[in-house]
Amino acid sequence: MTRARTDVEQVELANTAFYEALERGDFDELSDLWLDTDAAPETEPDDPEGRDDEDIADDGEEAPISCVHPGWPVLTGRGEVLRSYALIMANTEYIQFFLTDVHVGVAGDTALVTCTENILSGGPPPEGGGELGPLVGQLVVATNVFRRTVDGWKLWSHHASPVLAETDDEEGEDSPS
């Protein structure tokens, strides 16, 4: 029981490190937080049913990392995923994440984190100067999947979807007359 609690805490730290690296625009740290599919897991996968490796993975290789940013198609493979973050960092002067509704589950060498990203961001300054473009708030729900490696918990997949905001008209539709 103690191990599961420690794993949850370690996954929470890895999840927090991911968002902090994004906030700082630290591409090297962000890259280090993503799973390198050539890296072996820290332990053999738990397999109470005694299946061989062929039953667990089709070809014995780890599935590639993947990422879905809000409004983007699925990005697969380390190169595509990391290029997307380089592009985002190059075009975002300021970003801050306030995470809420964070839930962590660990099963063997895999962990699942769901959370709500309350994002505040600002783009490059408008033409003619200024320090920062207008700040924009966004609400996004995210699922982050981590794998245990010899180097700790690493991101395997990140999927973020925007939450549609209710308008005043929508709020009034369900209220009694």
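Definitions and limits used
Residues numbered from 1 in each chain as written. Predicted model: local features only at pLDDT ≥ 70, side-chain atom pairs only at ≥ 80, totals over all residues. Heavy atoms only, no water. Helix = DSSP H or I, 4+ residues; strand = E, 2+ residues; numbered from the N terminus. Buried < 20%, exposed > 50% of the residue type's maximum accessible area, 1.4 Å probe, protein only. Contact = heavy atoms within 4.5 Å. Areas by Shrake-Rupley, 256 points an atom, 1.4 Å probe, with all protein chains shown as cover. Expected span 1.5 Å × (residues − 1). Arc of directions from axis to C-beta. Pairing = 2+ DSSP bridges. Core = buried A, V, L, I, M, F, W, Y, C linked by side-chain atoms within 4.5 Å. 1 Å grid on protein atoms, 1.4 Å probe; cavity = no way out; pocket = protein on both sides within 12 Å on 5 of 7 lines; lining within 4 Å. Points joined across faces, edges and corners; volume = space filled by probe spheres on them. Nonpolar A, V, L, I, M, F, W, Y, C, P; charged D, E, K, R; others polar. Phe/Tyr/Trp six-rings, centres within 6.5 Å; stacked < 30°, edge-to-face > 60°.

Q: I'd like to hear about the overall build of the protein chain, residue by residue, with values.
A: Looking only at helices and strands, the protein chain features five helices and six strands. Along the protein chain, helices and strands appear, N-terminal first, in the series α-α-α-β-β-α-β-β-β-β-α. Here the protein chain holds 177 residues, and the buried ones make up 30% of them. Restricting the contact set of the protein chain to residue pairs at least 6 apart, pairs at least 24 apart contribute 57%. Surface exposure of the protein chain reaches about 11100 Å², of which carbon and sulfur atoms provide 50%.

Q: Summarise helix 4 (residues 78–90); cite the residues concerned and give the values.
A: Given a rise of 1.5 Å per residue, 13 residues ought to cover 18 Å, and the 18 Å separating the end C-alpha atoms of helix 4 matches this to within 8%. Regarding helix 4, the residues found buried are V81, L82, S84, Y85 and M89. Burial along helix 4 is one-sided: seen end-on, the buried residues are contained in an arc of 150°. In helix 4, the exposed residues that point more than 90 degrees away from the buried face are R83 and A90.

Q: Go over the sheet that holds strand 3 (residues 94–107) with me, naming the residues and quoting the values.
A: Taking strand neighbours across the sheet as the criterion, the six strands line up as 2-1-6-5-4-3 in an open arrangement whose pairing is mixed. The sheet is open, and its two edges are formed by strand 2 (75–76) and strand 3, each paired on a single side. Bridging between strand 3 and strand 4 (residues 110–122) involves twelve bridges; their strand directions are antiparallel. Considered in strand 4, the bridge of G105 is made with L112.

Q: A description of the nonpolar core should follow, citing residues and the corresponding values.
A: In this structure, F18, L22, L30, W34, V81, Y85 and F146 are the most contacted members of the largest nonpolar core, which totals 32 residues. For this core, the element with the most residues is helix 1 (residues 2–24), which contributes seven residues.

Q: Could you give an account of the layout of surface pockets, naming the residues involved and the relevant values?
A: Volume-wise, the second largest pocket comes out at about 380 Å³. Lining the second largest pocket are 20 residues, with P70, I88, I95, I119 and Q138 positioned closest to its centre. Looking at the lining of the second largest pocket residue by residue, the classes come out as 13 nonpolar, six polar and one charged.

Q: Residues and numbers for the environment of T76, please.
A: Along the chain, T76 falls in strand 2. For T76, a relative accessible area of 39% translates into the label partly exposed. Separated by twelve residues in the primary sequence, T76 and P64 have C-alpha atoms spaced 6.5 Å apart. Ignoring anything within four residues of it in the chain, the contact list for T76 reads P64, I65 and S66.

Q: Account for the packing of aromatic side chains, naming residues and giving values.
A: Enumeration according to the criterion identifies five aromatic pairs in this entry. Residues F18 and W34 carry aromatic rings whose centres are separated by 6.3 Å and whose planes lie at 85° to one another, so their mutual orientation is edge-to-face. Placement of the pair is F18 in helix 1 and W34 in the loop between helix 2 (27–33) and helix 3 (53–56), with a sequence separation of 16 residues. On the basis of relative accessible area, F18 is assigned to the buried category, the value being 0%. You can call W34 buried: its relative accessible area is 2%. Taken together, a centroid distance of 6.0 Å and an interplanar angle of 45° make the contact between W34 and Y85 tilted. Here Y85 lies in helix 4 and W34 lies in the loop between helix 2 and helix 3, a separation of 51 residues in the sequence. Like Y85, W34 is buried. What links up through ring pairs into an aromatic cluster is the set F18, Y19, W34, Y85 and F97.

Remember that the coordinates give geometry; whether it matters functionally is a separate question.
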